[in-house]
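Topology and contacts: notes
So you can see what is in the structure, the chains are spelled out below.
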Amino acid sequence: MSKLKVVHYINNFFAGIGGEEKADIPPREMEGFVGPGMALNNSLGDEAEIVATVVCGDSYYAENLEKAEADLLEMIKKYDADLFISGPAFNAGRYGVACGAIAKAVEEKLGIPSVTAMYEENPGVDMFKKDLYIITTGNSAADMRKAVKKLGEFALKLVKDEEIGTPEAEGYHVRGIRTNYFHEKRGAKRAVEMMLKKVNNLPYETEYEMPDFGNVTPMPAIMDLSDKKIALVTSGGVVPTDNPDRIESSSATKYGIYDISEYDSMPADKFTTIHGGYDRTYALQDINRVVPLDVMRDLEKEGVIGELADYYIATTGTGTSVGNARGFGEEYSKKLLADGVQAVIVTST
Amino acid sequence: MRLEVGKIFIEDIRFGESTHVEKGTLYVNEKELIDLFIEDDRIKSAKIELAKPGESIRITPVKDVLEPRVKVSGGGTNFPGVVGNKVKQVGEGRTHVLSGAAVVTVGKIVGFQEGIVDMTGIGADYTPFSKMLNICVVIEPEEGIESHAYEAAAREAGLVVTNFIGEAGRNIEPDEIEVFETKGIIEQAKMYPNLPRIGYVCMLQSQGLLHDTYVYGVDAKKIIPTLMNPTEFMDGAVISGNCVASCDKIPTYLHQNDPIIEELFEKHGKELNFMGVIITNENVFLADKERCSDGVAKLARLMDLDGVIITEEGYGNPDTDLMMNCKKVEQNGIKTVLVTDEFPGRDGKSESLADAVKEADALVSCGQGNIVITMPPMDKVIGTLEDIETMIGGYDGSLKEDGSIEAEIQIIISATSAFGCNKLTARMH
């Protein structure tokens with residue numbers, strides 16, 4: 001059986017091209033392994049081999065993110081690799097970020113399993129831990145031998161689709177991904193045990209640390225709406241009757257943009273709500289209760305607001321992950337801005 | 001209050017000439033059970049079907065699961081205030097349980113929130129009810145019936161059938177008797193002066209129609225926090241009228257078999273002093289949330305507790321109640337442990353809760369409900385599969401041609417119920 005093909009990414013320094021004075025070199029490729037690639041190749045054993053090494057200067061990558069990525073992907077593509085490894089970057093910040101960025105791009109755009117390695121304080125860890133497995137290393141190249149061995153062994157597991165264990169067992173940075181498993185004790189028992197520890201001032205470990213949602217600084221209040229264009233956005237799951245975008249009744253993975261330009265009030269025969277988290281009876285009787293189009297039209301006619309946008313935007317709020325919700329908002333706010341919308345009323349349920 | 005709970009182990013369920021228990025087998029008579037509620041003009045037709053662990057059966061949409069019990073002595077009757085027209089205090093004397101059997105109410109969906117119980121396969125691993133001998137009451141509502149009327153009809157049918165079946169255990173000698181007792185607050189505190197005084201704050205789902213719980217027949221939306229003896233739960237004082245996301249649901253069966261109450265009694269008198277239960281609700285109005293969380297903290301202080309375990313039913317909106325309860329109790333110098341489930345999205349990368357307070361530093365997780373699994377097709381369906389794709393956890397394309405279901409585990413009854421009845425949990429990877 002032929003060996004699995006691996007492409008390795010390193011920077012100017014580890015490629016032996018030069019130190020800081022060569023950090024501005026653009027991407028280039030070389031056959032086989034280079035520098036620490038030799039030790040990495042050994043740790044891959046008989047099952048895989050490094051067929052090519054791609055190199056880029058750390059500051060070139062940082063200053064030319066898109067071009068560096070595009071050029072590197074072009075080079076990597078042709079090897080038809082089974083696996084991609086970048087680093088180890090230890091505590092070198094620009095290198096760590098480049099390793100994470102290129103590994104993520106290779107995985108997402110070329111569909112090749114990728115892994116990298118760096119020290120916990122490397123900014124690349126926080127930036128890419130959710131996207132990639134990042135093997136832990138010491139904070140300098142003094143750790144190279146151990147790091148490369150860990151990296152190679154883990155990479156093999158990844159490419160062979162073997163079961164990956166906990167961060168502690170496998171030696172990768174905690175990714176921040178909540179993963180289910182069956183404990184040997186039921187939750188209620190663990191709750192009582194945790195209570196006894198806490199109340200007796202003994203150390204205990206919470207099973208979930210409180211998230212920090214971050215704060216969004218609100219825009220300043222609008223004192224005069226009469227010349228402003230307003231749009232309605234809802235998480236109440238109001239969609240056209242046939243739910244053309246198939247928005248889910250919980251844990252929404254999409255949002256929809258729906259035309260209301262010809263209506264003065266939400267027509268019950270054209271719209272419905274598919275939200276699974278509240279009793280829909282009253283909403284179905286009068287959809288304006290969730291998307292207050294009737295009142296907005298009144299305000300438009302009276303000149304209280306300048307104009308109502310032609311469309312409203314909807315998704316389902318219940319169970320929808322913060323990540324998805326954040327993504328929707330970031331995306332459709334671009335459209336709202338492009339369409340001259342200056343303020344939004346969001347109705348939630 | 002002191003309650004003797006006598007368990008009669010049921011090893012098998014079968015149809016029979018009459019509803020009775022004989023040598024560990026529960027016989028049910030279909031006509032007897034249906035006659036109990038079929039005159040209800042909200043119901044068009046009904047049938048009884050049986051499902052046993054390991055059988056290739058899928059039960060869906062499931063509305064409630066209940067345990068057959070009967071009050072043999074001690075005043076009051078099973079399911080006080082919701083069956084028959086008597087309501088008396090319960091929680092004392094002796095109660096018999098047909099242990100191993102359960103009644104499941106099934107029928108076309110009311111809201112989006114009913115779920116699945118698979119008796120075998122991967123889906124069975126996630127629900128406690130795959131291990132029960134299930135007597136399914138399959139209901140067909142009248143045409144055009146209003147959803148609240150349908151929900152009430154199905155709930156009432158389930159209660160009356162379960163109560164009737166429970167009667168079969170009245171004169172049977174239990175296989176095992178366990179005694180549960182908590183005394184009046186001052187006496188209880190004096191009984192174990194050196195053990196930490198622990199209370200259980202039980203949050204009841206009350207977001208509103210189709211998401212309701214009843215206490216002695218009172219809609220939980222209308223209560224303010226109050227004290228209960230843990231044994232009252234064992235006599236069906238708290239019942240579910242709730243179609244919240246199935247994975248999160250606390251069916252009546254689990255109110256009757258509350259795992260926190262069980263675990264606290266396990267250690268009662270040995271490592272802790274179980275003082276009692278504070279029940280509260282999860283109303284959607286901010287004023288109610290403030291009023292009730294203040295009330296919880298006040299009661300915990302009045303009981304002079306050292307710590308409370310707080311559980312919730314539901315996610316999203318009630319996460320706020322959970323956090324408000326936690327914060328206010330902690331600010332009164334009482335330690336808290338929270339029990340809840342998580343919804344960090346299918347990739348597990350988002351925040352698991354909709355709200356957070358820094359005081360919530362001790363949390364037990366019942367697992368994340370967003371992961372997608374594929375449940376194999378079953379030979380038999382009790383109920384109907386037609387609603388799968390609109391049920392919570394389901395989506396366009398969930399129901400495959402071969403009958404298998406690819407969906408979030410949200411769709412499985414009590415897969416992640418936030419009071420720790422299961423072993424499912426989650427960790428950071």
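Residues numbered from 1 in each chain as written. Chains lettered and ligands numbered in written order. Predicted model: local features only at pLDDT ≥ 70, side-chain atom pairs only at ≥ 80, totals over all residues. Heavy atoms only, no water.

**Some remarks on the overall build of chain A**
Defined as follows: The secondary structure listing takes helices from DSSP runs of H or I that are at least 4 residues long and strands from runs of E that are at least 2 residues long, numbered from the N terminus. Here the globule rule is a power law, 2.2 Å times the number of residues to the power 0.38, and the radius of gyration is based on C-alpha atoms. For every residue, the accessible area (1.4 Å probe, protein chains only) is compared with the maximum for its type, and the residue is labelled buried under 20%, exposed over 50%, or partly exposed between those bounds. Residue contacts are defined here by distance: any two heavy atoms, one from each residue, within 4.5 Å place the two residues in contact. The accessible surface values rely on the Shrake-Rupley method and a 1.4 Å probe; as for residues, cover is taken only from the protein chains in view. Asp and Glu are treated as the negative residues and Lys and Arg as the positive ones, with His and the ends of the chain left uncounted. The location of each charge is read from NZ of Lys, CZ of Arg, CG of Asp or CD of Glu.
For chain A, the count of helices and strands is 11 helices and 13 strands. For chain A, whose C-alpha radius of gyration is 27 Å, the value lies well above the compact-globule estimate of 20 Å for 349 residues. Oriented by its inertia axes, the alpha-carbon framework of chain A measures out at about 75 × 55 × 45 Å. Per-residue burial for chain A yields a buried fraction of 51% across its 349 residues. Sequence separation of 24 or more characterises 72% of the internal contacts of chain A that already satisfy a separation of 6 or more. When the accessible surface of chain A is split by element, carbon and sulfur atoms take 50% of a total near 16900 Å². Looking at charge distribution, chain A has the averaged site of its 38 positive side-chain charges lying 5 Å from that of its 55 negative ones.

**A word on unusual backbone geometry**
Proline 88 of chain A follows glycine 87 of chain A through a cis peptide bond whose omega is 10°. With respect to the helices, strands and loops of the structure, proline 88 of chain A is situated in the loop between strand S4 (83-86) and helix H4 (93-110). Threonine 60 of chain B connects to proline 61 of chain B through a cis peptide bond whose omega is -10°. With respect to the helices and strands, the residue proline 61 of chain B is situated in strand S6 (residues 57-66).

**Overview of the pattern of salt bridges**
Filter applied, for reference: Whenever a carboxyl oxygen of Asp or Glu lies within 4 Å of a side-chain nitrogen of Lys or Arg, that contact is scored as a salt bridge.
By the definition in use, this model includes 58 salt bridges over all chains. Between glutamate 143 of chain B and lysine 44 of chain B there is a salt bridge, and its shortest N-O distance comes to 2.8 Å. Here glutamate 143 of chain B is found in the loop between strand S11 (133-141) and helix H3 (147-167), whereas its partner lysine 44 of chain B is found in strand S5 (residues 43-51), with 99 residues between them in sequence. Here lysine 44 of chain B falls in the partly exposed class, since its relative accessible area comes to 39%. Residues joined in a network through salt bridges with shared partners are Arg186 and Lys189 of chain A together with Glu262 and Glu263 of chain B.

**Quick look at the sheet that holds strand S6 (residues 133-136) of chain A**
All names here are of chain A. Quick reminder of the rule: The criterion for strand pairing is that DSSP finds at least two bridges linking the strands in question. Lines are fitted to the C-alpha atoms to define the axes, a helix being fitted only along its stretch in contact, and any angle between axes, read from their N-to-C directions, falls within 0 to 180 degrees.
Strand order in the open sheet made by the 6 strands is S2-S3-S1-S4-S5-S6, with mixed pairing throughout. Pairing within the sheet leaves two strands with one partner each, and these edge strands are strand S2 (28-31) and S6. Between one strand axis and the next, the sheet turns through 25° on average, direction left out of account. Here 3 bridges tie S4 to strand S5 (residues 114-118), and the two strands are oriented parallel to one another.

**Re the domain arrangement of chain A**
Filter applied, for reference: The domain limits used here are those given by an automatic or database domain assignment.
Here the domain parsing of chain A yields domain 1 (4-170) and domain 2 (229-347). Between the C-alpha centres of domain 1 of chain A and domain 2 of chain A the distance comes to 44 Å.

**Here's the deal with the interface of chain B and chain A**
Just so we agree on the cut-off: Here the quantity called buried area is the accessible surface, traced with a 1.4 Å probe, that two parts lose on coming together, added over both. Pairs of N or O atoms within 3.5 Å make up the polar contacts considered here, provided that, within protein, one atom can donate a hydrogen while the other can accept it, and that residues adjacent in sequence are counted only when both atoms are side-chain atoms.
With 77 residues of chain B in contact, the opposing surface of chain A contributes 64 residues. Summed over both sides, the interface between chain B and chain A buries roughly 5700 Å², with carbon and sulfur atoms accounting for 58% of that surface. Interface area lost by chain B to chain A is led by Glu351, Arg427 and His429 of chain B, which between them contribute 14%. On inspection of chain B and its partner chain A, the count reaches 8 salt bridges. Between glutamate 262 of chain B and arginine 186 of chain A there is a salt bridge, with its nearest N and O atoms 2.8 Å apart. For the pair chain B and chain A, the number of links is 39 residue pairs in polar contact (both at pLDDT 80 or more). Elements that contribute at least two residues to the side of chain B that touches chain A include exactly helix H2 (122-126), H3, helix H7 (259-267), strand S19 (307-311), helix H9 (317-331), strand S20 (335-342), strand S21 (363-368) and strand S25 (424-428) of chain B. Of all the elements, H7 of chain B adds the most residues to the side of chain B that touches chain A, at 6 residues.

**Focus: H9 of chain B**
Cut-off, in case you're wondering: Given the number of residues in a helix, its expected span is that number minus one, multiplied by 1.5 Å.
Taking 1.5 Å of rise per residue, 15 residues should cover 21 Å, and H9 of chain B covers 22 Å from first to last C-alpha, within 8% of that figure. Burial analysis of H9 of chain B places 11 of its 15 residues in the buried class, which makes it a mostly covered element. Looking at H9 of chain B, one finds that the buried residues are Pro318, Asp319, Asp321, Leu322, Met323, Met324, Asn325, Cys326, Lys328, Val329 and Glu330 of chain B. Check the buried side of H9 of chain B and you find it contacts helix H8 (187-199) of chain A together with strand S13 (197-204), strand S18 (273-281), helix H8 (286-302), S19 and S20 of chain B. Glycine 333 of chain B, located one to two residues past H9 of chain B, shows a positive phi value of around 80°.

**Points about the pairing of S20 of chain B**
Consecutive side chains along a regular strand alternate between the two faces of the sheet. Residue and element names in this part refer to chain B. So the rule is basically this: With the strands aimed away from the viewer, a crossover counts as right-handed if its path from the first strand over the helix to the second runs clockwise.
Extensive coverage of S20 is indicated by the burial of 7 of its 8 residues. Note on the crossover from S19 through H9 to S20: the handedness is right-handed. Bridge count between S20 and S21: 4 bridges; the pairing is parallel. Following the sheet pairing, glutamate 342 is matched in S21 by glutamine 368.

**Points about the pairing of strand S10 (residues 256-259) of chain A**
All names here are of chain A. Of the two faces of S10, the one holding Gly256 and Tyr258 is buried and the one holding Ile257 and Asp259 is not buried anywhere. Strand direction decides the pairing type here: S10 and strand S12 (residues 307-314), joined by 4 bridges, are antiparallel. Among the inter-strand pairings, glycine 256 is bridged to a residue of S12, identified as alanine 314.

**Side note on the packing of aromatic side chains**
The geometry of an aromatic ring pair comes down to the distance between the two centres and the angle between the two planes. All names here are of chain A. As a reminder of what qualifies: Working definition: a ring pair exists when centres of Phe, Tyr or Trp rings (six-membered ring for Trp) sit within 6.5 Å. Plane angles under 30 degrees give stacked, over 60 give edge-to-face, the rest tilted.
Tallied over the full model, the rule gives 18 aromatic pairs over all chains. Taking 5.2 Å as the distance between ring centres and 70° as the angle between the ring planes, the aromatic pair formed by tyrosine 255 and tyrosine 332 counts as edge-to-face. On the criterion of sequence distance, the pair formed by tyrosine 255 in the loop between strand S9 (238-240) and S10 and tyrosine 332 in helix H11 (residues 322-338) is long-range, its members being 77 residues apart. For the pair tyrosine 255 and tyrosine 332, one class covers both residues: buried. For the pair tyrosine 258 and tyrosine 312, a centre-to-centre distance of 5.8 Å together with 55° between the ring planes defines the contact as tilted.

**Describing the sheet that holds S12 of chain A**
Residues and elements named next belong to chain A. Read across the sheet, 4 strands follow the order S10-S12-S8-S13 without closing on themselves; strand pairing throughout is mixed. Each having just a single partner strand, S10 and strand S13 (343-347) make up the two edges of the open sheet. Along the sheet, successive strands turn relative to each other by an average axial angle of 30°, direction set aside. Each of strand S8 (229-234), S12 and S13 is contacted by helix H10 (residues 293-302), which is oriented at about 160° to S12, the strand it contacts most.

**A word on the state of the cysteines**
Let me state the cut-off plainly: Note on terminology: disulfide denotes any pair of cysteine sulfur atoms within 2.5 Å.
Under the definition given, this model contains 0 disulfides over all chains. No disulfide involves cysteine 56 of chain A; its sulfur sits 11 Å from the nearest other cysteine sulfur, which is in cysteine 99 of chain A.

**Some details on the side chain of asparagine 180 of chain A**
Examined against the element boundaries, asparagine 180 of chain A turns out to sit in strand S7 (residues 178-182). In this structure asparagine 180 of chain A comes out as buried when scored by relative accessible area, which is 16%. A polar side-chain atom of asparagine 180 of chain A sits 2.6 Å from the main-chain amide nitrogen of glutamine 368 of chain B.

**Let's talk about a nonpolar patch on the surface**
Stated formally: Excluding any residue in a salt bridge, patches collect residues exceeding 30% relative accessible area, merging like charges within 9 Å and nonpolar Val, Leu, Ile, Met, Phe, Trp and Tyr side chains within 5 Å.
Taken together, the side chains of Ile222, Leu225 and Val304 of chain A define a hydrophobic patch exposed on the protein surface, amounting to about 190 Å² of accessible area. Valine 304 of chain A gets classed as partly exposed once you look at its relative accessible area, which sits at 37%.

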